[in-house]
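A look at the structure
Spelled out from the first residue to the last, the chains are:
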Amino acid sequence: MLKFLLQRIVLALAVALCVSMLTFGLLSGTIDPAIAIAGEDATAEKIQSLRVAFGYDKPFYVQYVNWLVNALQGDFGKSPYFGLDVRDLIADRMPVTIKLGALAILFAIGLGVPLGVVAAIYPNTWIDRLALSVAVLGQAIPNFWFSLLLIIILAVQLEIFPVSGATSASSYVMPMIVLGTNGIPSIMRLTRTGMLDTLSADFIRTAWAKGLRPRQVFFKHALRNALIPVVSVSAIQAAHMLGGSIVVESVFALHGLGMLAYESILRSDIPTMQAVILIFSGFFIIFSALSDIINAYLDPRIRVS
Amino acid sequence: MTDQTAGSNRGAPRTWWGVFSRSKFLSHRGVVFGGTMLVIVLAAALLAPVLAPHDPYQQALLNRLKPPFWMEGGSWTYPLGTDHLGRDYLSRLMFGAQISILIGLATAIISGVLGTSMGLAAGYFGGRVDAVIMFIVTVKLSIPTILVALAVVQLVGGSLQIVILVLGLLLWHQFAVVARAVTMQIRDMDYITSARMVGCSSLRILATEVLPNVLNQIIVVLTLTMASAIVIEASLSFLGVGVQPPLPSWGIMIAEGKEHIFFRPWLVMIPGFALLFLVLSINLLGDGLRDITSPQGRG
Amino acid sequence: MASSPYVIVDELTIDIRTANGVLHAVSNVSFELPQGEVLCIVGESGSGKSMTALGLMGLLPGMATRKAKRLVVEGRNLLAMSPLEKSDFLGNRMAMIFQEPMTSLNPCFTIGNQMVETIRRHRNISARDALTQASKWLEKVGIPSSAGRLDQYPHQLSGGLRQRVMIAMMLMCEPKLIIADEPTTALDVTVQAQILQLLSALQRELGLTMIFITHDLGVVSRIADRVAVMYAGQFVEYGATREVLKSAQHPYTRGLLKCLPVPGRSARGAHLGTIPGSVPSLTGDMSGCGFANRCEYVAPDCLTSTVPLADRENEHRVRCLFRPEELISGRTAAGATP
């Protein structure tokens, strides 16, 4: 188990390094960041002075190493658009996105797992078909449009929630539903197939033969086994949701990391973009490593060996 | 609804014509629904120049924001009403379908070629090649797709070609994973081994022996990738960083409609439902094809 | 010995819906078993013996349906039980030991956990006492140093140990009826003997009534008081073990016995017998004797008339139109194929 853990962490670090190189290269390589900052019609001297000021005149690899070393210390430079330290910007925006991501994954698990369980306990009934339709729809509905749909129905027509902004706790509800719906299909399907597989397992028959109550058989013996893959997929889904926050936060005007990313992209604010992309990748890398580790931990056959 | 079809197909030949000839296709509900829906959208897109009642770019400021025919004030002149510049909404919708399908197909093909070749190489050669390619896949998976697509398209400049290229470079991982898995399964089968013994080059074996066997699964991934590409393009365009106006991308239509969301919600609803309809049809088709071609590969 | 039989099975019939029609897995199986006796049900795979066991337990898979005139255990009518009553009864008054020890224990929970939940389901005792009970029972089934074992997961144990755990877990609540479904089949030969010995010893010690399912006639003579030979979903021969083994009357039983190596006979280099052919399809309408297509003594009547399980002397029942001395081979021109 320890060896596995170490391997997984080394892999995560290697991936993180590559991603950082890619993001840096991609953004600094595609355009001249100095022109992006100064604007197309700036004078040559202005661009040159900016280039020197931000260190863009140095060789590429020097820029990268400098940037990485600083980034590792939490210093992502100064945002030309916001005029603030990128670090502060991120610290300011991060809580919103984390809150949103946590709510969304809870929403997805809270709906996906029960739906999957019920669908598996009553396979090929209307309940099963309903769950399947929810999955198919949830998979197909585009985030940004679903957001608008919710605004039209819940905020404009029914006036239950505020249209946008993080003014109160309820303003998280619609973004949570949108992002959470992304995760429902895979969680629900996985729970369903996992439960179906498990319910036909020999040890379930043993559990019935011991006279255990349906509650114990379904929720202790079957669900425990069926949930192993669900937990790890949920971790991946959580990472995806954080990634999807860019669209949802923009629509609902939630001032989180996603919104920050969108703003920095629109303003070609390279340092902020690099930092945000790196952080979102970091989320994914951490969550997928977590997913593998949780998976190993939950399965005694891997954990105790 | 799909288990029986998949289950009874276990002995079927695993090639396209084989599947088709047994017409599992036509007995699978998802495939029939999805296929029919897709044909409708395809027809609307292809026949747009003929069928569209108006020029999608023709502005008529006197006829701005007309409601669709079923609402008060609507008329059959503009069956789905007009947008804020008085352009016919139905015509824009039909030409928008062209954009969505073009982007979906082109992206899926680019990423398909890229990902499949990587997956074939990884699965066939194994060892170090496999390790390197799988590492690349892992790195790719860690990159937030929409974010990077937004950033790059914004920096390079939004146009149809750029969006296709960027998405093509961002959506290949599933092809690689699937092609690798299938290749590994068949790598050591007798006919591959004997082809190797006869002295066929690796490239030739991959192209003539392995690729045809991988194709079934690849086409499934192709459909699902197409759906993702369509959604991402619409999202980019919606966020103003993608295909640029006046092109009638559905994402742009929704973004423009958003300005009137309080009083004219249909401007958002109509292109949104079109998008949902298209994506749903492709997903249903893809899921159905997966059920048919791989009995175990569900969920 | 109790005056009324401890187990009464009256015309148990189990049908399974399949893609190819209804499969008659078990047809009209009846037997009675006094308390403390061991009944062996013998048959080849697919003969319906496991289905009989599962049917008695009420643990049939979803596509199977059970019908019976009476199913009585310990004076309780199993057919009339509500799901709750049934779950109170299972594991408590009657229990089952399964064929596959490798997969019959939940891989996600420790041995101790799975044993404790069993006893706490049926007895109102503290978790602590339950653990004590569990380790006591592990020792009883021959697993020493059992305190440490309780914290182990099934995958850490060998097949033989797992089957011992299974036995301990099922006996914890001291049920009086044990159904053992080929409990040794999946194990190594040496381990098989140990488990068989253990079960047999426990049966005597605890005065268990036992239904033992096996495909191995060799086992029968060692543990069974009665034996039922099952073929194509029916009992074809039923009686006291000595009686059946000594004077087997059904051609199938006689064939089975011929397949058995007997010390002395096989030493002289004689061939072990085999029964040609295979079990008939159990789907659709079945008329005539189920064994007719493999029977060397088949007669025209065998293919058309329904053959009853007829009483012979000494409570011996045989499902054959003929007595052993009446059996003549090659009676139909078609030979063994109806």
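Residue numbering note: each chain is counted from 1, following its sequence as written. As a convention, the first chain written is A and the first ligand written is 1, with the rest following in written order. This being a predicted model, a pLDDT of at least 70 is required before a residue's local features are given, and a value of 80 or more before pairs of side-chain atoms are given or counted; all residues contribute to the totals for chains, interfaces and linings.

**Looking at the overall build of chain C**
By definition, any uninterrupted DSSP run of H or I lasting at least four residues is a helix, any uninterrupted run of E lasting at least two residues is a strand, and each is numbered from the N terminus. Helix and strand content of chain C: 11 helices and 13 strands. Exposure in this text rests on C-beta crowding, where 20 or more other C-beta atoms within 10 Å of a residue's own make it buried, 12 or fewer make it exposed, and counts in between make it partly exposed. The C-beta atoms are placed from the backbone. Per-residue burial for chain C yields a buried fraction of 43% across its 338 residues. For every residue pair, C-beta atoms are placed from the backbone, and the pair is scored as a contact if these atoms sit within 7 Å. Pairs at least 24 residues apart make up 67% of the contacts formed inside chain C by residues separated by at least 6 positions.

**Considering unusual backbone geometry**
Residues B:Pro245 and B:Pro246 are joined by a peptide bond in cis, for which omega reads 10°. You will see that C:Ala232, though not glycine, has its phi angle at about 50°, which is positive. In this structure C:Ala232 comes out as buried when scored by C-beta crowding, with 25 C-beta atoms within 10 Å.

**Points about the packing of helix α5 (residues 86-121) of chain A against helix α11 (residues 257-266) of chain A**
Residue and element names in this part refer to chain A. Axis lines are fitted through C-alpha atoms, for helices just across the contact stretch, and the angle between N-to-C directions can take any value from 0 to 180 degrees. Orientation of α5 relative to α11, taken along the N-to-C sense of each, is 130°, at an axis distance of 7 Å. Relative to α11, α5 is oriented oblique. Seen from α5, the contacting residues are Leu89, Ile90, Arg93, Met94 and Thr97; seen from α11, they are Leu257, Gly258 and Leu260. Under this grouping Gly is polar, as are all residues other than the nonpolar Ala, Val, Leu, Ile, Met, Phe, Trp, Tyr, Cys and Pro and the charged Asp, Glu, Lys and Arg. A class-by-class count of the residues in the contact of α5 with α11 yields five nonpolar, two polar and one charged. Roughly parallel means an angle under 35 degrees; roughly antiparallel, over 145; roughly perpendicular, 65 to 115; everything else is oblique.

**Some remarks on the sheet that holds strand β13 (residues 316-318) of chain C**
For sheets, the rule is that strands pair by backbone hydrogen bonds, running either parallel or antiparallel. Residue and element names in this part refer to chain C. DSSP calls a pair of strands paired once it identifies at least 2 bridges connecting them. Overall, mixed pairing links the eight strands, which are arranged β7-β8-β9-β3-β10-β11-β13-β12 in an open sheet. The open sheet terminates on both sides in strands that have one partner only, identified here as β7 (94-97) and β12 (310-312). Across the sheet, the mean angle from the axis of one strand to that of its neighbour is 20°, orientation sign disregarded. Pairing geometry for β12 and β13, over three bridges, is antiparallel. Opposite Asp311, over in β13, you have Arg317 as the bridge partner. Along the sheet face, helix α6 (residues 159-171) touches β7 and β8 (177-181) and points at about 175° away from the line of β7.

**So, the confidence of the model for chain C**
The predicted coordinates ought not to be read in detail in places where the model reports low pLDDT. Each residue gets a pLDDT score, which is the predictor's confidence in that residue and runs from 0 to 100. Mean pLDDT over chain C stands at 83; residues scoring 70 or higher make up 89%. What the predictor reports for the complex is a pTM of 0.81 with an ipTM of 0.87.

**Quick notes on the interface of chain A and chain B**
Contact residues are listed per partner, giving 39 residues for chain A and 35 residues for chain B. Where the side of chain A that touches chain B is concerned, the elements lending two or more residues are α1 (2-30), α6 (126-140), α7 (143-157), α8 (173-199), α10 (214-252), α11 and α12 (270-298) of chain A. Looking at the side of chain A that touches chain B element by element, the count peaks at eight residues for α7(A). Considered class by class, the residues forming the side of chain A that touches chain B number 30 nonpolar, eight polar and one charged.

**A few points about the interface of chain C and chain A**
Across the boundary between the two partners, chain C contributes 25 residues, which contact 18 residues of chain A. Within the residue set of the side of chain C that touches chain A, elements represented by two or more residues are α2 (83-89), β7 and α3 (111-122) of chain C. Considering each element in turn, the side of chain C that touches chain A owes the most residues, four residues, to α3(C).

**What about helix α4 (residues 60-72) of chain A?**
In a helix, the anticipated span is given by 1.5 Å times the number of residues less one. Here α4(A) spans 18 Å end to end across 13 residues, near enough to the 18 Å set by a 1.5 Å rise per residue. Positive phi shows up at A:Gly74, right after α4(A), with a value of about 90°.

**Looking at the pairing of strand β5 (residues 70-73) of chain C**
Residue and element names in this part refer to chain C. Along β5, the buried face is formed by Leu71 and Val73; none of Arg70 and Val72, which line the opposite face, is buried. As paired strands, strand β1 (residues 7-18) and β5 are joined by four bridges and run antiparallel to one another. Across the sheet, the residue bridging to Val7 is Val73, located in β5. Note that β5 and strand β6 (residues 76-77) share two bridges and pair antiparallel. Residue pairing in the sheet places Val72 in a bridge with Asn77 of β6.

**Observations regarding the confidence of the model for chain B**
The share of residues in chain B with pLDDT of 70 or more is 89%, and the mean pLDDT across the chain is 81. Below a pLDDT of 50 lies the segment residues 1-14 of chain B, which in the model reaches 25 contacts outside its immediate sequence neighbourhood of four places, other chains included.

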